[in-house]
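If you want the building blocks of each chain, they are given just below.
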Amino acid sequence: MHRPPLKHCRTCGTAVVYRLPDDGDTRQRAVCPACGTVHYENPLNVVGTVPVWGMDGGQVLLCKRNIEPRWGKWTLPAGFMEMGETTAQGAARETDEEAGAHYEMQGLFSIINVVRVGQVHLFYRAKLLNTVFNPGHETLEAKLFSESEIPWDEIAFRTVKETLECYFDDRRKGSFGIHVLDVA
């Protein structure tokens, strides 16, 4: 995993030690030797949408990143879920912030486990209500693409590429499911 291990107790600031907690847990955890707090380090959720336009959903809205990582690459509007919001609320917030799109949220579409970086990516389908976009500061450009126009070699993240491939496969079949994938 790429996240560095926890070094200090979030409760009292003492350096933690990694060991099995005394509560019968079977995994090593960051345990504070001073106050006894056990710190659980869990995966982060990345939430977003697959915003589509057209009667047949033939075009997908992608955002060109204005931030690292992968500055200048294309992605679906998505980002880290915040405390106090549901996955759908987070996906909606990210779509508003990154694309400035007007849309109707639809169902959950993909759940992608990215174990090596401790993340779970969740994408919802979203039906665009118009083609007026007002991207925020994290986006250089928001643009609609048909499947044949997507700059596949310029997609920022594998989870986005996998989700787009699933979307267009389902669109051809005329039925949308929920896709659960693991990526390395």
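Summary of the structure given here. Since the structure is predicted, the reported quantities are computational estimates derived from the model, not experimental observations.

Position of Glu-94 among the secondary structure elements: in helix 1 (residues 87-99). The exposure class assigned to Glu-94 is buried, which follows from its relative accessible area of 5%. A polar contact is formed between the side chain of Glu-94 and the side chain of Arg-93, at a distance of 2.9 Å. Setting aside anything within four residues of it in sequence, one finds Glu-94 in contact with Val-47, Pro-77, Ala-78, Gly-79, Phe-80 and Ala-99.

Following the criterion strictly, the structure yields 5 aromatic pairs and no others. With a centroid separation of 6.3 Å and an interplanar angle of 65°, the aromatic rings of Phe-109 and Tyr-167 are classed as edge-to-face. Here the residue Phe-109 occupies a position in strand 8 (residues 103-114), and Tyr-167 occupies one in helix 2 (residues 158-173), the gap between them amounting to 58 residues. Tyr-167 matches Phe-109 in its accessibility class, with the two residues each being buried. A connected cluster of aromatic rings, assembled from ring pairs, spans Phe-109, Tyr-167, Phe-168 and Phe-176.

Right, let's get into the side chain of Gln-119. Mapped onto the elements of the fold, Gln-119 is located in strand 9 (residues 119-128). Residue Gln-119 is classed as buried on the basis of its relative accessible area of 18%. A polar contact of 2.7 Å, which involves the side chain of Gln-119, links it to the side chain of His-121. Excluding residues within four positions of it along the chain, Gln-119 makes contact with Pro-43, Leu-44, Val-46, Phe-80, Ile-112, Asn-113 and Val-114.

Our focus in this paragraph is the layout of surface pockets. Which parts of space are left empty comes out when a probe the size of a water molecule is rolled across the atoms. Empty space within the largest pocket amounts to approximately 600 Å³. Every residue lining the largest pocket is counted, 26 residues in all, and those nearest its centre are Pro-69, Arg-70, Gln-119, His-121 and Phe-157. Of all elements in the fold, only strand 7 (78-80), helix 1, strand 9 and helix 2 reach the threshold of two or more residues within the lining of the largest pocket. Its residues assigned to classes, the lining of the largest pocket comprises 13 nonpolar, 6 polar and 7 charged. Looking at the second largest pocket, its volume works out to about 210 Å³. Along its surface, the second largest pocket is lined by 13 residues, and Val-52, Gly-54, Met-55, Gly-57 and Lys-127 are the ones closest to its centre. Its residues placed into classes, the lining of the second largest pocket shows 6 nonpolar, 3 polar and 4 charged.

Rules used in this analysis
- Residues numbered from 1 in each chain as written.
- Predicted model: local features only at pLDDT ≥ 70, side-chain atom pairs only at ≥ 80, totals over all residues.
- Heavy atoms only, no water.
- Helix = DSSP H or I, 4+ residues; strand = E, 2+ residues; numbered from the N terminus.
- Buried < 20%, exposed > 50% of the residue type's maximum accessible area, 1.4 Å probe, protein only.
- Polar contact = N/O pair within 3.5 Å; in protein donor to acceptor, adjacent residues only side chain to side chain.
- Contact = heavy atoms within 4.5 Å.
- Phe/Tyr/Trp six-rings, centres within 6.5 Å; stacked < 30°, edge-to-face > 60°.
- 1 Å grid on protein atoms, 1.4 Å probe; cavity = no way out; pocket = protein on both sides within 12 Å on 5 of 7 lines; lining within 4 Å.
- Points joined across faces, edges and corners; volume = space filled by probe spheres on them.
- Nonpolar A, V, L, I, M, F, W, Y, C, P; charged D, E, K, R; others polar.

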